[in-house]
Every structure is written in structure tokens, then in C-alpha cells.
Amino acid sequence: LSVITLLTDFGNRDGYAGIMKGVIWSIAPQIQIADITHEIAPQNVLEGSLILGRCISYFPPGTVHVAVVDPGVGTSRHPIAVRLGLQYFVGPDNGLVTLWLENTSRDEVKAVLVDKSQFWLPEISSTFHGRDIFAPVAAHLANGVTLEELGSPLEDLQLHDIPKPLPTTYGWQGQVIYIDRFGNCATNLGCKHLATSGKITLQIKHRKIHGMIKSYAERSPGEIVALLDSSGRIEIAAVNASAAQLIQIRVGNIVKIHQ
Amino acid sequence: LSVITLLTDFGNRDGYAGIMKGVIWSIAPQIQIADITHEIAPQNVLEGSLILGRCISYFPPGTVHVAVVDPGVGTSRHPIAVRLGLQYFVGPDNGLVTLWLENTSRDEVKAVLVDKSQFWLPEISSTFHGRDIFAPVAAHLANGVTLEELGSPLEDLQLHDIPKPLPTTYGWQGQVIYIDRFGNCATNLGCKHLATSGKITLQIKHRKIHGMIKSYAERSPGEIVALLDSSGRIEIAAVNASAAQLIQIRVGNIVKIHQ
Amino acid sequence: LSVITLLTDFGNRDGYAGIMKGVIWSIAPQIQIADITHEIAPQNVLEGSLILGRCISYFPPGTVHVAVVDPGVGTSRHPIAVRLGLQYFVGPDNGLVTLWLENTSRDEVKAVLVDKSQFWLPEISSTFHGRDIFAPVAAHLANGVTLEELGSPLEDLQLHDIPKPLPTTYGWQGQVIYIDRFGNCATNLGCKHLATSGKITLQIKHRKIHGMIKSYAERSPGEIVALLDSSGRIEIAAVNASAAQLIQIRVGNIVKIHQ
């Protein structure tokens, strides 16, 4: 018994994700399907890559992750399937796997171009490959078809240009890369950007945050804090409130670590 | 192993769709349940009918589609179950099947009034038939109860008055009938309204669109285009952007085909 | 075959609920998972308790309800598992079970502190116990681990202070406790607060509503009405419209019953 996950920018209103489930269960009736999210900002590959990257390790071996954030649908961008470690990716070759790849050793990665049309739906539209190619390919993979059967080997994968922290005279300069529902602001900074001494100051906009906390409970409601989030990223948050709203943080805002 | 789908205007916040799953799994524990959408605009039967209509063909034989957009709940409108081809509809008799019916030959359609209360929950509220009647009836159907056992035969189904394109001196006049998350605007015009020559001009508001494209990739980002969408409807879209936002399109706006 | 439900304030955008499904299916691959809602207002325990309370009776025996609305995550608030009648709750000990408890006899309630770490994920973050503790504990419970094995017995559960109706000279004074997607306003008043004579008047803001109706169909579209909702609460609604919008109702607004 295996799992397929869906991550898209289709939204939850128009029925597109439901259609993909119909396609999957037509081919693999017993599969479990988990929606990761359908609320990726339209065509925002970076956001899709970030959310996919932090989910992977919590799914069982053999899981097939279908991710469709696909500004290039209908162009010559490749539809691909990739084995990364013990799990699979199916989707467009546009960088959605970038963060997942960063945490996988290269000899555990094998990619194919899914060019064998017997694993697609009979008719292929130019606007909905999630339905016509990715869902059926994922279902066949979950059914036991091997990666190699799905298409021709592919050497290089497209990567997304994810902003990297820069070393500076005072420490590091990073940025906010994702803001969640609670207004918690994830950065591209992690554990390794923290001085081992622990005496650090973070700066975002004009606000200075002294030291990292381990848990919201250490501070009072409304206070702006920095901590390692549940994925190991440095996060700017507000205790039981929205940091994004309180100090008007946007994706792309600079975060400085002085140490 | 069979599938039940849910399409409602209940939203994803109040727990109503979750309750329906509880009812279904109490009766048919092994059934797969797919949410098509719960974000139909409140009481908008046309929208429900459109989305249901384009999903059907992607689900396996035996699928039971429960659709609850039900402004008449608690009135004398009938609760019905319908076999259309190899799949089933369960819901109120208010036109939700209109578009599905258009693509099904009449001798493949059989409807019953679900008036056998042994297939309902023991207590029936006057405001939540999705929970009390439609979910349990769908579960029994998925469990193998036949359509005929569920209630008395019904001859005529209520249809929704879906706007039809009009022939004009210059070609056709249609309208926008649905706008999706991406701002793509589906019309009631299809392939058959296009001149075979292909030399056509579409007009929406004051904007003229020359010719149809096959794929977004043929044009530049932001450009307003017309194409056949993944359900075969003529769609007004913007490449990697929202046509609805760019030129302020609303459902009901007139679309003219000059040919 | 058993069911796990998820009720959280995580939203549907950030992938948090999807991660919990990965954790559950890694431990209990065959379990059915139903999303009740992930749109509880952030950290609103009352709202979570209300929605959980009205769902319970529609799920099969053995269902495990995981509810994570958890302003105290990372503090000393207890993670708990509770058997209430034939079903289970797993989540923080902060009052989420309050309404469920009200409808369960005390000798059918048994609670434990889930302090046996062999049923958690190996690493515990201080911000995401839904993933690290509650999801795996629920999966083990659904797999057949007994409540007693999960941790030490717990005598008292935290309850949420849910506003109670007050008896007055004219009848009862209650309040609006939840407003759903349709703008229907549920109150903390029920059947037992209605005079048996039936000749009552409800007042909300300056609006008087004479008598209760049984079904929306008894009145005209747009009319403000009072009825018993599908959970047995007195509800202020508007026929085929939003009462909340029409007369600007907010949670907390006073509702008076004159009888």
C-alpha cells in the first residue's frame, strides 16, 4: 500500500485537484492520496520547492510526490519522474525538486523524462498536464511500474535559483523566504549560520532581536522572537501573534545575523 | 473498491464536509473519498453543475458523486439518485446534473427519488441533508445497494437554465460562465462555434483577440489570448497572469466570435 | 479499518496538515484520514472545541480525533489522549474536548498523559507537536496500541470557559458563539431554553424575530429567521442569504429570548 501526495497551485475551488484523484484512482484504486497543499501562489516554483522540501522526510518509503506548479505547461519544458532516495517526484522539470535535492546524495538520485505515452492519458491537453501526464504516471509508479520503464534517462535536472545567505563582516546576511499562515517568517538561514557562542543579534528592518529562543513559551505574547522552526530554519515569529503583520515583513526582506 | 466524491458549497472551514465523511465511513469503511470542491459560491447551482460536469469522465466506473448545493433544502425539492452511464449522482434535484446529462445519452440515464428512509440517518434535520440523506445514500450505493432499492423511479429531472451561445450575423455571441483561480475565463463557447477556416476574432469588452492559440507558450507573458481549455471550452486567458484581473472580466460578460 | 480525523488551525496553504498525514501513514498505512477543518482561527480553542463537538457523533466507533489548536505548544501544557465513549481524542490538554465532554457521561471518559516517547517521532521540535507527538500517537492508537500503554493516567482535564446562557426576568440571555460560511449564527442557546408554549421572541441587536421556524422554506429569501440548526443549537439565519452580513452580527453578540 503506497501513498501519492499532491502539491499544486490549483487552489481548492475549481476542482482540478479532485480530477487528478479521479485519474489516480482509475489506475491505482487502493492508493492513499494526501493533499500537501493546493494553495501555492500561482506559478511560484520557489514556494512549491520550499514546502515540498520540508515534507519529504515525513512520508513513507515509496511515496510518490506529484508537484504541479507549472508556468511552462505546453512549452518544451520536460515532464519528469525522479527517484530521490526511497521516494519519487513526478512533475515538470523546473526546479521544484531543488530543496529536496540539497538533502539527497547525488548517487541516490535518478531521473527520467516521462516520454512513454502508454503511461499518460490517451488525450493530452496543452494546459493541464497534472491531469493528463503527471497523475497517471504517478499512479503507474505507485502500481509498481519502474522508473526506468516510464521514459528515457535524464542527466541534468533544472534547479531553481534559491537565494543563498551571504557571509559579511558582521556575520551573515540572509532573507525571508516564506511566511506561513501564522505570520511566522522562515529565512534561508539555519543552524550553521549561528555563532557557536550563541551571543547573536538578528536584525530585520529596524528591529533587533537579541538571542534565539527554544520555545515561544520563553517570551510574552506579542513579543518578536527568533527560533529554529520545525524544519531547522531560523524563523522570525511573534509569540501567539503574527510577526509578519506586527512589523510588516514581506518575502525577500533582509535578515542580518550579527555575531 | 469504489470512490465517492463530494462537491458542495460548504466551504472548508466549518467541518460540514468532514462530518459527511464520518457518515460515509460509518457505513462503507473502505470507500475512497475525493473532495472535488467545497468552495462553490453559496447556493450557486450553475457553478456546481459546471465543475461537476468537467470532472465526471476522469473518475472510475462505479464512482458516486455527491453534490450538495442546495438552496431548497427543507422544501419539497426532491432528494435524488441518478445513474448516468457507469457512474452515479446523489443530491438534490435542482439541476446540478445538467451539464453531465448533456454528455450522456438518455437511455443511459435512470433516476430515483431516494424516499426509502432505511438508507438515511435515523434523524433528518431540515437544514443538512448532505449529512442526513445524501452521504448515507451514497455510502449504501457504494456498498452495493442498487439504485432501484433506494427509492421510487423518477421520470423527469430538473435542469438548470445554462446560458446558450446565440448565432449572429457576424458569428456567435456567448458569455463567460466561470472564472478559475488563475483568472482564466471559461465561456459557453466550444470547438463547434469556431469557423473551420480558423480566421476568427474574439471580442470581450473592448478587447479584440485575433485567432486561437494552442498553448500559452506561443505568446508572451501578460498577453491576452484565447484557447480551448482542458475541458474543450473556449477560454479567455492571460499568459502567466490573470485575464480576469487584467481586463476586469466578470461571469456573464459577453464574448463575441467574429468569423 | 479505522479512521483518524484532523482538526487544526494550520490552514490549507503551508503543508502542515499534509505532513501529519505522512507521519500517520508511515505508522498506520491503511488508516482513513478525514480533514474536519484546518481553518480554525489561529489559536482559537473555543472554535475548535465547538466544531469538534458537533462532529463526533457522526464518526464510527474507534475513530481517533487529532485536534491541534495549541497556543501553549512548547510550554508545560500536557499532550493527552482521551477515550470518550467509543472514540478517542489526541491533542493538547487545553479544553478542546470541552463540548465533547458535555455530551459524554463521566464514567465513559479515561485520559492519559502521552508521556511514553516510544510512540512519538524520534526528534521533538518545540513548535510542531501535531507532527512530532499527536500524529504518531494517534496512528499507534489506530493501530491497536491501548490508551493505557500510551502514558500515565490523568485525573483532571482542562476545560475551556464556554459562555453559558443566563436566566433573566424575561427569559434567557445567550450569545452568538460561531458564524459559519453561510453567515448562519449559532448561539449557546438550545431547545431547552425555549418556552414550551412556543410563543417566543428573539432579539439580536435591535432586530426582533417572532417565533422559530422549522425550515428555511417557510419564509422568503432574505428574511431573518431563527431555527434549531443541524446540531440542535438556536441559530439566527437569513433565508438563502447571510444573516451575519445583513445585520452585522459578530461572535459575542447578545441574543435574548423573550417568552
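For the structure, see preceding data.
Just so it is clear, the structure is predicted and the values come from calculations on it, not from any experiment.

Procedures and definitions
Each chain carries its own residue numbering, running from 1 in the direction its sequence is written. All chains are assigned letters beginning with A, and all ligands numbers beginning with 1, in the order in which they are written. Confidence filtering applies because this is a predicted model: local features only for residues at pLDDT of at least 70, side-chain atom pairs given and counted only at 80 or more, and all residues used for totals across whole chains, interfaces and linings. Values shown for side chains rest on all heavy atoms present in the structure; no hydrogens or waters enter the calculation. Helix numbers and strand numbers start at the N terminus; a helix is a DSSP run of H or I with at least 4 residues, a strand a run of E with at least 2. Each residue is assigned to one of three classes by its accessible area relative to the maximum for its type, calculated with a 1.4 Å probe on protein chains only: buried under 20%, partly exposed between the two thresholds, exposed over 50%. The contact rule is simple, with two residues in contact once any of their heavy atoms fall within 4.5 Å. In short, buried area is how much 1.4 Å probe accessible area vanishes from two parts on joining, totalled over both. In the sections that follow, a salt bridge refers to a side-chain nitrogen of Lys or Arg positioned within 4 Å of a carboxyl oxygen of Asp or Glu. N or O atoms closer than or at 3.5 Å make up a polar contact, with two conditions inside protein: a donor-capable atom paired with an acceptor-capable one, and, for residues adjacent in sequence, both atoms drawn from side chains. All residues other than Ala, Val, Leu, Ile, Met, Phe, Trp, Tyr, Cys, Pro, Asp, Glu, Lys and Arg, Gly among them, are scored as polar; the first ten of these are nonpolar and the last four charged. A residue counts toward the fit only if its pLDDT is at least 70 in both copies, and the copies are then superposed by least squares on the C-alpha atoms of those residues. Every angle, taken between N-to-C directions, lies between 0 and 180 degrees, and every axis is a line fitted to C-alpha atoms, over only the stretch in contact when it is a helix. To sort the angles, those under 35 degrees are grouped as roughly parallel, those over 145 as roughly antiparallel, those from 65 to 115 as roughly perpendicular, and the leftovers as oblique. Helix crossings are classified by the rotation of the near helix relative to the far one: an anticlockwise turn of less than a right angle makes the crossing left-handed, while a clockwise turn makes it right-handed.

Our next topic: the environment of Cys185 of chain A. Residue and element names in this part refer to chain A. As for its placement among the helices and strands, Cys185 is situated in strand β10 (residues 185–190). Given the relative accessible area of 0%, Cys185 is considered buried. Considering only alpha carbons, one finds Cys185 and Ala244, 59 residues apart in sequence, at a separation of 6.7 Å. Among residues more than four places away in sequence, those in contact with Cys185 are Val176, Tyr178, Ile179, Ile234, Glu235, Ile236, Ala244 and Ile249.

Time to look at the interface of chain B and chain A. Taken together, the contacts link 32 residues of chain B with 33 residues of chain A. Summing both sides of the interface, chain B and chain A together bury roughly 2600 Å²; the carbon and sulfur share of this comes to 52%. Looking at the side of chain B facing chain A, the largest losses of area belong to Tyr58, Arg181 and Phe182 of chain B, adding up to 28% of the total buried there. Here chain B is connected to chain A by one salt bridge. Seen at the junction of chain B and chain A, the total is 19 residue pairs in polar contact (both at pLDDT 80 or more). In terms of residue count, strand β2 (residues 32–37) of chain B provides more of the side of chain B that touches chain A than any other element does, six residues in total. Looking at side-chain class alone, the side of chain B that touches chain A contains 17 nonpolar, seven polar and eight charged residues.

What follows deals with the relation of the copies chain B and chain A. When chain B is fitted to chain A, the residual RMSD is 0.0 Å, and the transformation amounts to a turn of 120° plus an axial shift of 0.0 Å. Such values leave the two copies arranged in the relation of a three-fold axis. Relative to the rotation axis, the closest C-alpha in chain B is found at Gln32 of chain B, a distance of 4.9 Å. Both copies present different contact surfaces, since only 9% of the interface residues of chain B are interface residues in chain A too.

Mapping chain C onto chain A calls for a screw motion: a turn of 120° about the axis and a shift of 0.0 Å along it, with 0.0 Å RMSD after fitting. When the interface residues of chain C are mapped onto chain A, a mere 9% of them again lie at the interface, so each copy presents a different face.

Here we come to the packing of helix α1 (residues 16–27) of chain A against helix α4 (residues 129–142) of chain A. Residues and elements named next belong to chain A. Where α1 meets α4, the closest approach of the two axes is 8 Å, and the angle between their N-to-C directions is 40°. Overall, the two elements α1 and α4 adopt an arrangement that is oblique. Relative to α4, α1 is oriented so that their crossing is right-handed. Contacts from Ile19, Met20, Val23, Ile24 and Ile27 in α1 reach Gly130, Arg131, Ala135, Pro136, Ala139 and His140 in α4. Residue composition of the contact of α1 with α4, by class: eight nonpolar, two polar and one charged.

Scope: geometric values only; no functional claims are made or implied.
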